[in-house]
Amino acid sequence: MDDILNNVKEGIFLLNSKFEIGLQYSLTLEKLLNEQKLAGHNFLKLLQNKLESDIIESTEEYLNLMFKGDVDEESLRELNPLSEVELNIVNEENAWISSKYLSFNFQRICEENKILNLIVTVIDVTEPVVLAKKLKISEEKTHNQMEWLVNILQIDPALLNE
């Protein structure tokens, strides 16, 4: 099992109902969260200073719902506040170093209709998010340039000669 967890490119871990990270997790998770020795740590506390407080509050509500058996898992998936989030990397003094975009996916692990844990997968989506933002900026710039061109073409030619 360690061979698998040490070589997958995704962050993978188990989360219990107290929101504690399980003993086994993928090595990539430490890199993604910029943290070491994650086993037993409270997931929400790890996210403090890395995410906005309202996202952490929403995540706590979401995880509580995920551990309730009477709520449909598929319906909850759409409510996942961590489906795409900007994670701030900070140093020991909580000073910002950099940011990355991560996507967290939560899935229930059940036995005899009881939710035991959640299996969590985390992937770095920084590159596609940054590219999408650059594309949007470029499209807006092109749109503005087209508007300017149309406005210029509507000016009376006599005025242009002056």
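Our structure's up above, just so we're on the same page.
Our subject in this report is the structure included herewith. (Residues numbered from 1 in each chain as written. Predicted model: local features only at pLDDT ≥ 70, side-chain atom pairs only at ≥ 80, totals over all residues. Heavy atoms only, no water.)

1. Regarding the pattern of salt bridges
Inspection of the entire model under this criterion finds three salt bridges. K50 is paired through a salt bridge with E35; the nearest N and O atoms lie 2.9 Å apart. Note that K50 is positioned in the loop between helix 3 (43-47) and helix 4 (53-66) and E35 in the loop between helix 2 (27-33) and helix 3, a separation of 15 residues in sequence. Using a relative accessible area of 3% as the deciding quantity, one classes K50 as buried. Linking E74 and R77 is a salt bridge whose minimum nitrogen-to-oxygen distance equals 3.0 Å. Placement of the pair is E74 and R77 together in helix 5 (residues 73-77), with a separation of three residues, close to one helical turn. Given the relative accessible area of 29%, R77 is considered partly exposed. When salt bridges that share partners are traced, they join E73, E74 and R77 into one network. (Salt bridge = Lys/Arg side-chain N within 4 Å of Asp/Glu carboxyl O. Helix = DSSP H or I, 4+ residues; strand = E, 2+ residues; numbered from the N terminus. Buried < 20%, exposed > 50% of the residue type's maximum accessible area, 1.4 Å probe, protein only.)

2. Remarks on the pairing of strand 5 (residues 114-124)
In terms of strand pairing, strand 1 (residues 11-15) meets strand 5 through five bridges, oriented antiparallel. In the sheet register, F13 faces strand 5, and the bridge partner there is V120. In this sheet, strand 5 lies alongside strand 4 (residues 96-111) in antiparallel orientation, the contact comprising 10 bridges. Each bridged residue has a counterpart across the sheet, and for I109 the counterpart in strand 5 is N117. If you look at the hairpin formed by strand 4 and strand 5, you'll find two residues sitting between the two strands, and E112 has a positive phi there, around 50°. (Pairing = 2+ DSSP bridges.)

3. Points about the pairing of strand 2 (residues 21-25)
As judged from the two bridges shared by strand 1 and strand 2, these two strands associate in the antiparallel manner. Note on strand 2: the bridge partner recorded for F13 is Y25. Counted along the chain from strand 1 to the antiparallel partner strand 2, the turn is five residues long, and its residue F19 has a positive phi close to 65°.

4. Notes on the sheet that holds strand 4
On the basis of which strands lie adjacent, the open sheet formed by five strands has the order 2-1-5-4-3 and antiparallel pairing. Lying at the two open borders of the sheet, with one neighbouring strand each, are strand 2 and strand 3 (85-90). Geometrically, the sheet is characterised by an average inter-axis angle of 40° between neighbouring strands, direction not taken into account. In the packing of helix 4 onto the sheet, contacts are made with strand 1, strand 3, strand 4 and strand 5, and the angle to strand 4 comes to roughly 10°. (Axes fitted to C-alpha atoms, helices over the stretch in contact; angles between N-to-C directions. Contact = heavy atoms within 4.5 Å.)

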